[in-house]
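Inside the fold
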Amino acid sequence: MFEKVLGLPVHVLVVHAVVVFVPLLVLLALAYIVVPRFRSRLDWAVAILAVVAPITAWVGTQSGDALQQRQIARGFSGEILDKINEHGSYGEMLFALTLGLALAVILLLVATSGHPRVPQLPRWVPAVLSVVVAGLGVAALVYVWLAGHSGSEMVWGTTFE
């Protein structure tokens, strides 16, 4: 299911979505935190990205695993397989961070919604959630870079001068 689409590896296609949606989630979530007057304009976009970003990260890890198994079956071993494993570990951590970020963002959206069905929460709850979102956001950006850089180094590192 996660191997090919239109003759191309799914992983190669979906990683571009990860590189767009995860940083966009972080950027809009931080804007939601820092500029409260725009919250009513950002809330739906942030909520949608909190669903889409982890899905793309998960598909990225699943398709990466499928691509890795295909490469092992083709005889890849040694140093290149070590690089693939390192890249995969960055992707797995990125997925975990993105999932945690998405959950924290959704909780923040609920906590700051002002909806009558949401119980009145202590004032510190949105502040704590904001710090958690910011921390997970920065960590997710670091792992987007680590995963993206390690993957592109494997593909382009020795071919583009």
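As the structure is a prediction and not an experimental result, all values here were calculated from the model.

1. Overview of the nonpolar core
Among the nonpolar cores identified, the biggest contains 27 residues, and V22, L25, V46, L101, V105 and V133 are the most heavily contacted of them. Secondary-structure elements contributing two or more residues to this core are helix 1 (10-34), helix 2 (39-73), helix 3 (79-111) and helix 4 (124-156). It is helix 3 that contributes the most residues to this core, nine residues altogether. Apart from residues no more than four positions distant in its own chain, V133 is found in contact with A29, I33, L101, A104, V105 and L108. If you look at the next biggest cluster of nonpolar residues, it comprises five residues, including F2, V10, V59 and A66.

2. Some remarks on helix 4
With 33 residues, helix 4 extends 47 Å from end C-alpha to end C-alpha; this agrees with the ideal 48 Å at 1.5 Å per step. Buried residues of helix 4: V125, L129, S130, V133, G137, A140, V144, A147, S150 and G151, and no others. Considering only its buried residues, helix 4 is in contact with helix 1 and helix 3.

3. Considerations on the pattern of salt bridges
In the structure shown here, the tally under the stated rule is one salt bridge. In this structure, the salt-bridge partner of E79 is K83, at a minimum N-O distance of 3.6 Å. A residue pair is termed a helical-turn pair when its members lie 3 or 4 positions apart in one helix, as E79 and K83 do in helix 3 at four residues. Since its relative accessible area comes to 57%, E79 is described here as exposed.

Scoring rules and cut-offs
Residues numbered from 1 in each chain as written. Predicted model: local features only at pLDDT ≥ 70, side-chain atom pairs only at ≥ 80, totals over all residues. Heavy atoms only, no water. Core = buried A, V, L, I, M, F, W, Y, C linked by side-chain atoms within 4.5 Å. Buried < 20%, exposed > 50% of the residue type's maximum accessible area, 1.4 Å probe, protein only. Helix = DSSP H or I, 4+ residues; strand = E, 2+ residues; numbered from the N terminus. Contact = heavy atoms within 4.5 Å. Expected span 1.5 Å × (residues − 1). Salt bridge = Lys/Arg side-chain N within 4 Å of Asp/Glu carboxyl O.

Geometry only, nothing functional implied.
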